[in-house]
Amino acid sequence: MFLYEENRCSMTYMYEYPEYLKIKLPKKTARRYPAYELYLYGEGNYAEENKNLLLTGIPVLFLPGNAGSYKQVRSLGSIALRKAEDVDFKYHFNFFSVNFNEELVALYGGSLQRQTKFVHECIKVILKLYKDQEFAPSSVAIVGHSMGGLVARALLTLKNFKPELINLLITQATPHVAPVMPLDKYLTDFYTAVNNHWILKAQDLRNLTTLSVAGGFRDYQVRSGLAFLPRLSQHDSALSVVSSAVPRAWASTDHLSIVWCKELILATIRAFFDLIDENTRQITEDPKKRMSVLNHHFVRHPAKMYEENPEAFTHLTENHTVMFTVKIDTSSWIYGCMNTNSSMCLEAADLSWRAELLPTTKVVMLKLLDYPSLSHIVIQVPPAVGNKYTLGCEFFKEDSRTVQLPVTHIFSFGFSSSKILLNSTGLLYNVQLQHFSQIYQAFKIYIDSHCQSLKERKPSVYRLHIPWSYEDSITVAKVPSLAEISAKLHIAQPHSDSSLPELNIYSSPDCQYEVILKTSLLQVLGQIVRFHAGAFPVYIVSNILLTYGGQLSTLRSTGQCSDFSLQLVRTAKPYKVEPLISIVVFLQGFNWFREIWESLSLPEVDAAVLSSQDAWFPLVSLILFLFGTGIAYWSGVFFSTSLRLFSSLWLTLIRPPELQKDKLITPSRLCGMISLALVSWTTCGAFAVLIIYLQYLFKVVKLHVTVRAEQNMHNRDSGHSKETSQNSSTHTVKAQSSVDSIPEATQSPSNSETSAEAANSLKMHTTVLNLFTWIVLLNLPSLIYWLKNLRYNVRLDPDPCRTTAIILVCILEILMNSSTSEVKSSKLLKIAAKVPLPLSVAMLAFGRMHLYRVPHFVTFSLLLHVLCCFV
């Protein structure tokens, strides 16, 4: 929120009006998937020519992600069309796009399998469009944004899918490792099936080349660590990069801009055209060439156009001394002389392939021991044509330009710093950052440059290089200046890797640089939120559940229900829940304990899974618990304020109802319970949950109105009683008159008790409603999905909360009519008051990575509350 990186992406524009031609699907497919469609993208004359579907290009299928539109293909399609015009349509691509009806598949996993099967049908339809062409394709390239990339990977899990139907897959900001918000079992099961298949069948997938591009720190929806393909799969045919490290882009993107970021789209389209095989006029079938092209455009760009087999040696003649007029960023420009005579170089090795393109500069680093036969370095420079080029060259020993800087401890909180002064002048420094390997570490690096003279210089380039993953970030700064760089990781250092992150400083030769490193507390908290924000609902509900248990305990011991905020402070203590989980995680490191655990058929503790992914450390749970306590507190304040506002509005418009005790079960309520259970079974469970929630909310507001009205009346009567008492002390009145005035001025004990009982019931119902609100929120995605698809099917299938909804309807229909007077005399109250603590522990142990389990724990606790009304 405080360190939001500026958007450095350029927008892509269409030169002609975009058109989307709907492809007619087979009747069986259209009937089976009525909500889905397939389109072909086009513009202007190209769109007109393709209306008869006599296609001759290379098919590429775009799959949108969560709530994504099929129209997001336009950036890729438009730039590919312009590129094809540049080569006179010698080669061109046909971009297809799938309309998934903008489904919320990142939050509701019930339709992922359906989407996958539909994409399989689309691939077969697309390939049939080319069957009579001279260069008919046998496979389709796929570009998947967000969850669309996961759907593309899931194609390989289908039993009747032929892997050769796709040979190239590019995913944009796709969470491959795990879902961002695991809100239902269908979502987590889908992930498990896809990732297990890709790990177990890695040898069978070598002909498929996969590129995953993550958005970097600007993407707040999908953190880049989730976008890295599983490490065990396809070492030689899969590549994962962060957009900030992509050459010629060097920009972080948010979750949506990654589909239109011009710099990234250009890199993707250039790669597509370099992947074409001249003989087949389709994407090459050679996996090595595909990986070579992707590395050229997405990892290390040598500032030259891609060549499959570049010539190692060049014969230089007198003609080569003439200056070239080609662009300097696409031609060979540096050679190593291998054969000379007295006046000129006859044969040279092209060293331009060793170059690396950086913003504002190209860099070549040569180890002279690798080139013992070189006699000269030859630089070939084109005419300046008004532009000025600066050439810098120096010889140095690598050790003399490599220095080590230990990072500050996380608990230094930015008060201490590590400094280093680079005294010698040169073109390059490598500052190795020691002990920088964990995701919770975050630093601010200040680079202060001082120069001897004030002449104009080229900007300095600072690169934070992470050797174990392609997540470099580059900063360009004027010289002299004070530059600030944020240093944090997307992926923790693997245990088998001993390399050190480096800060590469491409400097001006007559300037000195001072590097200052400090821990950034805000960014440390930001990293915790980035990696664990999805678990916030678990910690919030855990705090509310502990408070709920505390209120039941107070009701049992004192007969009074305590206020939510006060009880939260008393009972929501992290030391009650965290130690037990930590002990279990520790014991699971022993084989004997793991065997016992598995024999009991207990699921793995989520903290242990996160630890294995290097995304966990001891204090993170404490910090998240405190975040949860704060949010739970303010949610309680919000609830009480909202209820007060609603009751004030009610009292203004309608006469308050009288306080009366309701029966727990009546024939009409039983009918309502059965009706809502039928609604849940025949339509959508979340819809029934929402109805009962609104009904419960109305009941609580009504109770709040009644309690406020009773309190107002009591306050007025108390004031009237005081006034009467004062008058009797100053005036002489008859004793009989004073006695007669007492019944009118005071409440009877029975009314007072009823009012106090209603106030207790209100506090308890408010807490239950607070708990229930989070259940509604966690089930909301399936409700939204059902509403969007209501015209196609009345019944949500599969429904992740159907069974839970039926149970909740029965529980809450009874609970909303209950009072604390029925509960505090129950024999089960002691158990009901103690159960929320173990349930909170279980929720934190098994719900962090499985949010759909949270309603189950809450439902069990509420079930005990209902039983207390009868037993």
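Look up a bit, the structure's there.
Residues numbered from 1 in each chain as written. Predicted model: local features only at pLDDT ≥ 70, side-chain atom pairs only at ≥ 80, totals over all residues. Heavy atoms only, no water.

Considerations on the overall build of the protein
Link 1 in the chain: Counting its regular elements, the protein contains 24 helices and 25 strands.
Link 2 in the chain: When each of the 871 residues of the protein is scored for burial, the buried share is 53%.
Link 3 in the chain: Residue pairs at least 24 apart in sequence account for 80% of intrachain contacts in the protein once pairs closer than 6 positions are excluded.
Link 4 in the chain: Only carbon and sulfur atoms are counted for the fraction: they give 57% of the accessible area of the protein, which is about 41,400 Å². (Helix = DSSP H or I, 4+ residues; strand = E, 2+ residues; numbered from the N terminus. Buried < 20%, exposed > 50% of the residue type's maximum accessible area, 1.4 Å probe, protein only. Contact = heavy atoms within 4.5 Å. Areas by Shrake-Rupley, 256 points an atom, 1.4 Å probe, with all protein chains shown as cover.)

Quick look at the packing of helix H10 (residues 536-558) against helix H24 (residues 854-868)
Link 1 in the chain: Between H10 and H24, whose axes approach to 11 Å, the crossing angle comes to 10 degrees. By the angle class used here, H10 and H24 are roughly parallel. Touching Val538, Val541, Leu545, Tyr548 and Leu552 of H10 are Val854, Val858, Ser861, Leu862 and His865, all from H24.
Link 2 in the chain: Grouping the constituent residues of the contact of H10 with H24 by class yields 8 nonpolar, 2 polar and no charged. (Axes fitted to C-alpha atoms, helices over the stretch in contact; angles between N-to-C directions. Parallel < 35°, antiparallel > 145°, perpendicular 65-115°, else oblique. Nonpolar A, V, L, I, M, F, W, Y, C, P; charged D, E, K, R; others polar.)

What about a nonpolar patch on the surface?
Link 1 in the chain: On the surface, Phe411, Phe413, Phe415, Leu521, Leu525, Leu619, Leu622, Leu626, Phe627 and Ile631 cluster together into a nonpolar patch covering about 910 Å² of accessible area.
Link 2 in the chain: Secondary-structure elements contributing two or more residues to the nonpolar patch are helix H9 (521-532) and helix H15 (620-653).
Link 3 in the chain: The residue Phe415 is located in the loop between strand S17 (402-406) and strand S18 (417-422) in this model. (Patch = residues over 30% accessible without salt bridge, like charges linked within 9 Å, V, L, I, M, F, W, Y side chains within 5 Å. Salt bridge = Lys/Arg side-chain N within 4 Å of Asp/Glu carboxyl O.)

Considering the sheet that holds strand S23 (residues 482-488)
Link 1 in the chain: A sheet is described by the order of its strands in space; here 4 strands give the open sequence S18-S25-S20-S23, paired in antiparallel fashion. Lying at the two open borders of the sheet, with one neighbouring strand each, are S18 and S23. Neighbour-to-neighbour, the strand axes of this sheet turn through a mean angle of 20 degrees, independent of strand direction.
Link 2 in the chain: Two strands pair when backbone bridges link them, and strand S20 (residues 442-451) and strand S25 (residues 511-519) are joined in this way by 9 bridges, in the antiparallel orientation. What sits directly across from Asp448, in S25, is Glu514.
Link 3 in the chain: This element, H9, spans S20, S23 and S25 of the sheet and lies at about 135 degrees to S20. (Pairing = 2+ DSSP bridges.)

So, the pairing of strand S8 (residues 238-242)
Link 1 in the chain: With 5 of 5 residues buried, S8 lies mostly within the body of the structure.
Link 2 in the chain: The alternating pattern of S8 places Ala238, Ser240 and Val242 and Leu239 and Val241 on opposite faces, both of which are buried.
Link 3 in the chain: Bridge count for strand S7 (residues 209-214) against S8 is 5 bridges, and the pairing is parallel. From the neighbouring strand, Val213 faces S8, where its bridge partner is Val241.

Focus on H24
Link 1 in the chain: Taking 1.5 Å of rise per residue, the 15 residues of H24 would be expected to cover 21 Å, and the 22 Å separating its terminal C-alpha atoms lies within 8% of that figure.
Link 2 in the chain: Along H24, 11 of the 15 residues are buried, which leaves the element largely enclosed by surrounding structure.
Link 3 in the chain: Turning to H24, its buried residues are Val854, Pro855, Phe857, Val858, Thr859, Ser861, Leu862, Leu864, His865, Val866 and Cys868. (Expected span 1.5 Å × (residues − 1).)

Observations regarding the environment of Thr803
Link 1 in the chain: Tracing the chain through its elements places Thr803 in helix H20 (residues 802-815).
Link 2 in the chain: Along the sequence, Thr803 and Ala677 sit 126 residues apart, while their C-alpha atoms lie 9.3 Å from each other.

Some words on the nonpolar core
Link 1 in the chain: In terms of nonpolar packing, the biggest core is built from 98 residues, with Tyr548, Val605, Tyr696, Phe772, Leu812, Met843 and Leu862 touching the most fellow members.
Link 2 in the chain: Grouped together as the second largest cluster of nonpolar side chains are 54 residues, Phe100, Ile142, Met147 and Val194 included. (Core = buried A, V, L, I, M, F, W, Y, C linked by side-chain atoms within 4.5 Å.)

Considerations on the state of the cysteines
Link 1 in the chain: Applying the stated criterion to the full structure yields 2 disulfides.
Link 2 in the chain: Residue pairing for Cys9: its cysteine sulfur links by disulfide to Cys261, the two sulfurs lying 2.1 Å apart. Its S-S torsion of about -80 degrees marks the bond between Cys9 and Cys261 as left-handed, since a negative value means left-handed. You can see Cys9 sitting in the segment before strand S1 (18-22) and its partner Cys261 sitting in the loop between S8 and helix H7 (262-274), a full 252 residues away along the chain. Of the two residues examined, Cys9 and Cys261, each falls in the buried class.
Link 3 in the chain: The disulfide bridge from Cys451 ends at Cys511, spanning 2.0 Å between sulfur atoms. (Disulfide = S-S within 2.5 Å.)

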